[in-house]
Amino acid sequence: MSTDRQAPEPAAADELAAPGPEGEPTDGSDGVAPPEADPAAGAPSEPPSDTEAAPDAEPDAEGPEAEAPVPSVTDTPADTAADTTAEDAEAEAASADAEAEVDTAAADAAEPGATPTGDAEGATPALSEAAAELAAQKVERERIARRKAEREAPIEAGTKLSGTAADLLAAVRAVESGAQPAPVYFDDAPAAPRPAPAAAPPQPRTPAPVAAVAVGDVDAVRAVLLRGGAPEALAAQAAGVLGEGAAERLAEDPWLLLAVAGVRPTQADGFARALLGPEAGPADERRSAALVGWLLEQAALKGHTALEAPVLEKALAQYGVPDAGEALEQAIGDGAVLVFNEPLDPPGTEYAEGEEPPVRVLVGLEGCALAEESLADGLARLANTFGGAADWEKAATGPGADLIRAVSGHGLVTHTGGEAARAEPAALLAVAREFGLRACLAAHVPHEGAVTVTGLLAGAEGPGRDADGQFALDLLIVLDAPQLDVETAAALVESVPDGARLVLSGDPGVLGSAGPGRVFADVLAARACPQSVSRTPDPGPLGELVSGIGIGELNQVEAPGKEVVIVPVRDAGEAVHRTVQLVSESVPRAFGVPADGVQVITPGHGGSAGTRALNAALKERLNPGPGRFGGFDPGDRVVHVPSPGRALPARVVSADAQGLHLDAAGERIVVPQEQVEARVRHGWAVTAHQAVGARWPAVVVVLPGDAAEALSRDWVYTAFGRAERHLSVVHGVDQALPVAVAQGLPKPRTTRLTGLLRALVASAEEPR
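Predicted model only: the values in this text are computed from it and were never measured.

A.B. asks: Could you give me a rundown of the overall build of the protein, with the residues and numbers involved?
C.D. replies: Scanning the protein from terminus to terminus reveals 26 helices and 19 strands. Looking at the protein as a whole, 54% of its 768 residues qualify as buried. A total of about 31,300 Å² of accessible surface is found on the protein, and carbon and sulfur atoms cover 53% of it.

A.B. asks: Give a description of helix H21 (residues 611–622) that names residues and reports values.
C.D. replies: Between its first and last C-alpha, H21 extends 15 Å over twelve residues, near the 16 Å set by a 1.5 Å rise per residue. Buried residues of H21: Thr611, Arg612, Leu614, Asn615, Leu618 and Lys619, and no others. Seen along its axis, H21 keeps its buried residues to an arc of 160°; they face one direction.

A.B. asks: Mind laying out the nonpolar core, listing which residues take part and the relevant values?
C.D. replies: If you look at the biggest cluster of nonpolar residues, it comprises 45 residues, and the most contacted ones within it are Val221 and Leu225. Those elements that place two or more of their residues in this core are helix H6 (215–227), helix H7 (235–242), helix H8 (246–252), helix H9 (265–276), helix H10 (285–301), helix H11 (309–318) and helix H12 (324–333). Not counting the four nearest positions on each side in its chain, leucine 225 is found in contact with Ala230, Pro231, Glu232, Leu234, Ala235, Leu250, Leu257 and Phe271.

A.B. asks: Go over the pairing of strand S8 (residues 501–506) with me, naming the residues and quoting the values.
C.D. replies: Within S8, six of the six residues are buried, which leaves the element mostly enclosed by the surrounding structure. Going residue by residue along S8, you find Arg501, Val503 and Ser505 tucked away on one face and Leu502, Leu504 and Gly506 tucked away on the opposite face as well. When strand S4 (residues 412–416) meets S8, the two strands line up parallel, connected through five bridges. Bridging from a neighbouring strand, leucine 412 pairs with leucine 502 of S8. Direction of pairing for strand S7 (residues 475–478) relative to S8: parallel, over a ladder of four bridges. Considered in S8, the bridge of valine 478 is made with leucine 504. Following the backbone out of S7, through helix H17 (residues 486–495) and into the adjacent parallel S8, one traces a crossover that is right-handed.

A.B. asks: Outline a nonpolar patch on the surface, supporting the account with residue identities and numerical values.
C.D. replies: Taken together, the side chains of Val339, Val359 and Val361 make up a nonpolar region of the molecular surface, amounting to roughly 190 Å² of accessible area. Overall, valine 361 belongs to the partly exposed group, its relative accessible area being 32%.

A.B. asks: Which residues make up the side chain of glutamine 690, and what values do they have?
C.D. replies: Considering the arrangement of structural elements, one finds glutamine 690 in helix H23 (residues 688–691). On the basis of relative accessible area, glutamine 690 is assigned to the buried category, the value being 2%. Here threonine 687 takes part through its backbone nitrogen, which lies 3.0 Å from a polar atom of the side chain of glutamine 690.

A.B. asks: Describe the environment of aspartate 284, listing the residues and the values that go with them.
C.D. replies: Here aspartate 284 lies in the loop between H9 and H10. Residues aspartate 284 and alanine 327, spaced 43 residues apart in sequence, show a C-alpha to C-alpha distance of 9.6 Å. The contact partners of aspartate 284, leaving out residues within four places of it in the chain, are Trp255 and Glu279.

A.B. asks: With reference to specific residues and values, describe empty space enclosed by the protein.
C.D. replies: Put simply, the largest cavity is a space of about 180 Å³. Every residue lining the largest cavity is counted, 18 residues in all, and those nearest its centre are Gly417, Arg422, Asp480, Gly506 and Asp507. Secondary structure elements with two or more residues in the lining of the largest cavity: S4 and S8. Each residue belonging to the lining of the largest cavity can be placed in one class, and the counts come to five nonpolar, eight polar and five charged.

A.B. asks: Before we move on, could you go through the sheet that holds strand S17 (residues 685–686) and cite the residues and values that matter?
C.D. replies: Here five strands make up an open sheet; going across it, the order is S10-S19-S18-S11-S17 and the pairing parallel. Of all the strands in the sheet, just strand S10 (564–568) and S17 have a single pairing partner and so form its edges. Sheet topology note: the strand S18 (residues 696–703)/strand S19 (residues 723–731) ladder contains seven bridges and is parallel. Bridging across to S19, tryptophan 696 finds its partner in alanine 723. Each of strand S11 (598–601), S18 and S19 touches helix H24 (residues 713–720); the most contacted strand, S18, lies at about 145° to it.

A.B. asks: Tell me about the sheet that holds S7, and please be specific about residues and values.
C.D. replies: An order of S6-S5-S7-S8-S4-S9 is seen for the six strands of this open sheet, with the pairing classed as parallel. The open sheet is flanked by strand S6 (451–452) and strand S9 (531–533), the only strands paired with a single partner. Pairing between strand S5 (residues 439–443) and S6: two bridges, direction parallel. Counted as the bridge partner of alanine 442 is valine 451 from S6. Lying over the sheet, helix H18 (residues 519–526) contacts S4, S8 and S9, oriented at roughly 110° with respect to S4.

A.B. asks: Give me the lowdown on the pattern of salt bridges, citing residues and values where you can.
C.D. replies: What the rule picks out here adds up to 23 salt bridges. A salt bridge links arginine 651 to aspartate 596; the shortest N-O distance between them is 3.3 Å. Here the residue arginine 651 occupies a position in strand S13 (residues 648–656), and aspartate 596 occupies one in the loop between helix H20 (572–591) and S11, the gap between them amounting to 55 residues. Several salt bridges converge on common partners, so that one network encompasses Glu419, Arg422, Asp480, Arg695 and Arg722.

A.B. asks: Account for the packing of aromatic side chains, naming residues and giving values.
C.D. replies: Tallying each qualifying case throughout the model produces two aromatic pairs. Summarising the aromatic geometry, the rings of tryptophan 294 and tyrosine 319 are spaced 5.9 Å apart at their centres and angled 85° between planes, so their arrangement reads as edge-to-face. Residue tryptophan 294 is found in helix H10, and its partner tyrosine 319 is found in the loop between H11 and H12; the two are separated by 25 residues along the sequence. Using a relative accessible area of 5% as the deciding quantity, one classes tryptophan 294 as buried. Arranged with centres 5.4 Å apart and planes meeting at 10°, the rings of tryptophan 392 and phenylalanine 435 form a pair that is stacked. Pair noted here: tryptophan 392 is in the loop between helix H13 (366–385) and helix H14 (401–408) and phenylalanine 435 is in the loop between helix H15 (423–434) and S5, with a separation of 43 residues, a long-range link. Under the relative-accessibility criterion, phenylalanine 435 is labelled partly exposed at 41%.

A.B. asks: Now, about unusual backbone geometry: what can you tell me, with residues and values included?
C.D. replies: Phi is positive for arginine 527, close to 50°, though the residue is something other than glycine. The topology assignment puts arginine 527 in the loop between H18 and S9. By relative accessible area, which is 63% here, arginine 527 ends up exposed. The phi angle at lysine 562 is positive, at roughly 55°, despite the residue not being glycine. Among the structural elements, lysine 562 can be located in the loop between helix H19 (540–550) and S10.

A.B. asks: Please set out the confidence of the model for the protein residue by residue, giving values where relevant.
C.D. replies: Mean pLDDT over the protein: 78, with 71% of residues reaching 70 or higher. Of the regions scoring below 50 in pLDDT, residues 151–160 engages in eleven contacts with residues more than four places distant in sequence or in other chains. Below a pLDDT of 50 lies the segment residues 181–211, which in the model reaches 109 contacts outside its immediate sequence neighbourhood of four places, other chains included.

A.B. asks: Please give an account of the pairing of strand S12 (residues 637–640) that cites residues and values.
C.D. replies: Judged by which residues are buried, S12 turns out to be covered on both faces: Arg637 and Val639 on one side and Val638 and His640 on the other are all buried. With three bridges connecting them, S12 and strand S16 (residues 680–682) associate as antiparallel partners. For histidine 640, the partnering residue across the bridge sits in S16 and is valine 680.

A.B. asks: Outline H13, listing residues and values.
C.D. replies: Helix length check: H13 (20 residues) gives 28 Å between terminal C-alpha atoms against 28 Å at 1.5 Å per residue, within 8%. Turning to H13, its buried residues number three or more, namely Cys368, Ala369, Ala371, Glu372, Ser374, Leu375, Ala376, Gly378, Leu379, Ala380 and Leu382.

A.B. asks: How would you sum up the side chain of asparagine 623? Please name residues and give values.
C.D. replies: In this fold, asparagine 623 is placed in the loop between H21 and S12. Within the structure, asparagine 623 has its side chain in polar contact with the backbone oxygen of proline 634 (distance 3.1 Å). Excluding anything up to four places from it in sequence, asparagine 623 contacts Leu618, Asp633, Pro634, Gly635, Asp636 and Trp684.

Thresholds, definitions, all that
Residues numbered from 1 in each chain as written. Predicted model: local features only at pLDDT ≥ 70, side-chain atom pairs only at ≥ 80, totals over all residues. Heavy atoms only, no water. Helix = DSSP H or I, 4+ residues; strand = E, 2+ residues; numbered from the N terminus. Buried < 20%, exposed > 50% of the residue type's maximum accessible area, 1.4 Å probe, protein only. Areas by Shrake-Rupley, 256 points an atom, 1.4 Å probe, with all protein chains shown as cover. Expected span 1.5 Å × (residues − 1). Arc of directions from axis to C-beta. Core = buried A, V, L, I, M, F, W, Y, C linked by side-chain atoms within 4.5 Å. Contact = heavy atoms within 4.5 Å. Pairing = 2+ DSSP bridges. Right-handed = clockwise from strand over helix to strand, strands pointing away. Patch = residues over 30% accessible without salt bridge, like charges linked within 9 Å, V, L, I, M, F, W, Y side chains within 5 Å. Salt bridge = Lys/Arg side-chain N within 4 Å of Asp/Glu carboxyl O. Polar contact = N/O pair within 3.5 Å; in protein donor to acceptor, adjacent residues only side chain to side chain. 1 Å grid on protein atoms, 1.4 Å probe; cavity = no way out; pocket = protein on both sides within 12 Å on 5 of 7 lines; lining within 4 Å. Points joined across faces, edges and corners; volume = space filled by probe spheres on them. Nonpolar A, V, L, I, M, F, W, Y, C, P; charged D, E, K, R; others polar. Axes fitted to C-alpha atoms, helices over the stretch in contact; angles between N-to-C directions. Phe/Tyr/Trp six-rings, centres within 6.5 Å; stacked < 30°, edge-to-face > 60°. pLDDT = per-residue confidence, 0-100.

Below, the structure written as structure tokens:
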């Protein structure tokens with residue numbers, strides 16, 4: 001494995017990222033994206049290439065994080081619009097025209113037959129299994145032919161879209177299907193499926209329904225959208241986002257359309273010009289206010305909880321706002337955003353008389369700001385209210401001794417280490433229970449002996465809550481702490497009672513949370529509590545390889561048992577072929593690991609060797625079928641996304657009028673028909689953000705040549721670290737891999753938690 005680390009000069013810290021291929025912002029150091037070229041809107045064209053920062057494969061998501069794709073690795077709107085059904089894939093192969101693909105997506109939404117309806121639609125109980133299959137395939141072929149004919153037939157007004165309206169609908173559908181923005185798509189990583197328990201089969205669980213919007217409100221919004229030339233398919237989402245009086249508000253302020261996920265400023269500008277005429281100019285205060293909120297939302301998708309005021313002003317200027325500073329002041333004055341002055345010097349610094357302490361001015365949205373402040377207060381509360389120091393010295397033995405000692409005398413402790421270090425929190429859990437403490441271990445994905453963070457917060461798992469609404473426990477240990485975003489972390493900390501202990505444990509080298517914030521890194525940087533650093537090394541050649549990556553070295557390790565294998569490829573087509581061969585033949589034959597125990601990880605969803613292409617090839621080899629259940633067949637390996645930021649591995653069981661039936665680690669889940677396209681993906685191949693936190697017996701990491709710019713040290717560290725016994729690297733990026741490991745540092749996130757914690761610690765230490 002080469003260690004050559006010659007690389008181009010890194011991008012400047014204040015550079016802005018160009019928009020991604022689907023209109024989403026790519027990951028930049030400041031978290032905002034410059035505008036698209038739209039002279040009619042009065043905004044300047046895209047900045048020159050020398051101001052563009054290299055994009056990530058996925059925002060610090062899919063996060064958010066999440067994970068912003070590079071052009072060659074991500075999906076186009078046409079790719080997104082034709083993602084889930086077999087006939088859509090056929091249409092995409094036949095024509096790359098974006099308008100045709102938008103028509104296909106509209107036909108999918110309008111045609112009841114496009115969603116799963118049953119295991120063998122049209123079959124009777126008297127038919128044999130083979131006859132039923134033939135009948136189902138016949139029905140499917142007839143439906144495909146009917147849809148093709150419908151594409152050529154006249155279409156009702158409003159459904160045949162082109163130009164800006166088609167782009168707008170495609171962008172929104174890209175978000176709804178999960179293709180963008182990635183940062184909010186995955187929070188939890190999938191885990192290897194476990195066999196269902198031998199007890200009675202569990203009852204299916206249907207996701208909670210989304211709050212309904214009155215039909216009249218949707219119709220009124222639809223009328224406004226049609227007047228402005230926007231696709232009426234956005235009516236329900238716009239009505240839900242804007243709330244009561246949505247139609248009147250949208251007619252008065254067309255830029256409110258930016259609140260709909262996937263809508264870009266140039267598209268909102270076109271909508272506003274159609275409604276308001278010449279009155280809709282780049283200096284309109286309504287436009288400026290909407291842009292401020294939109295830019296901060298885009299920053300949150302990249303993991304930022306706030307932006308520095310100069311960065312935000314620069315972005316506003318690039319979108320054609322004449323006086324960006326005044327526009328920002330107006331937004332602050334109207335209460336649309338919050339402003340914070342964060343001291344640059346450490347707490348306790350003394351200044352000369354009349355000298356003003358240096359500060360940086362941050363601007364943020366209320367939700368992130370309140371969550372971050374609540375989290376800081378909660379962590380300080382646990383550190384300061386703990387008074388139950390105990391003598392656990394006799395139990396402090398083995399590799400977890402340091403952690404046990406630290407937790408015995410403190411209410412808040414951090415613990416860092418690799419995969420092997422997970423044994424230390426487990427040892428702490430056992431010791432705490434021996435001493436009679438009510439202790440709980442929580443993880444983001446299914447983990448032996450642990451509840452899930454989501455289940456704990458919902459009350460479905462864990463100790464439950466007391467009369468005050470707090471967890472009925474004395475010690476909470478949270479694994480995979482780097483995956484905590486500020487809102488989830490705040491909810492957890494607020495629920496831990498006074499006097500209890502909290503341990504945040506994780507590997508700082510993995511990819512960050514899908515949502516906004518860098519909670520674990522900020523707590524470590526603030527040094528607001530004892531820090532236990534594991535000295536337990538990850539074993540074997542895999543452990544040696546991953547440990548080297550963590551410090552920026554891609555070492556060539558000795559692997560006598562073929563624990564690490566490099567498979568060089570020339571192009572993406574060969575990468576897909578070799579990946580299928582490894583999963584279906586080579587790894588099972590050489591290591592006795594079944595294909596279900598082999599996970600493929602690749603940088604993005606789109607592209608010639610992204611998750612879509614790989615999943616299509618793997619399905620054809622491992623579970624071929626017509627995809628008659630909305631693109632899925634019984635036995636398909638899938639990833640279920642019940643809500644943004646969560647991803648659960650599952651397997652398709654069947655489908656009926658209720659929806660798609662899945663088995664997720666023994667739990668039966670029913671995904672309603674209308675949600676299948678947006679919430680279920682094939683899961684033989686996933687991204688590193690989906691995989692973080694989970695491990696498999698064997699992993700195949702695919703690095704096609706067009707993914708070179710998507711790589712970073714934390715991405716490689718995460719992907720390579722998912723393998724327990726064997727790692728195959730399908731390598732087509734040449735020297736880009738060692739360069740990424742040596743120099744591809746994670747994109748910085750602008751947050752306030754470190755400063756808040758330092759101020760609280762200093763305040764607690766001041767004499768009263």
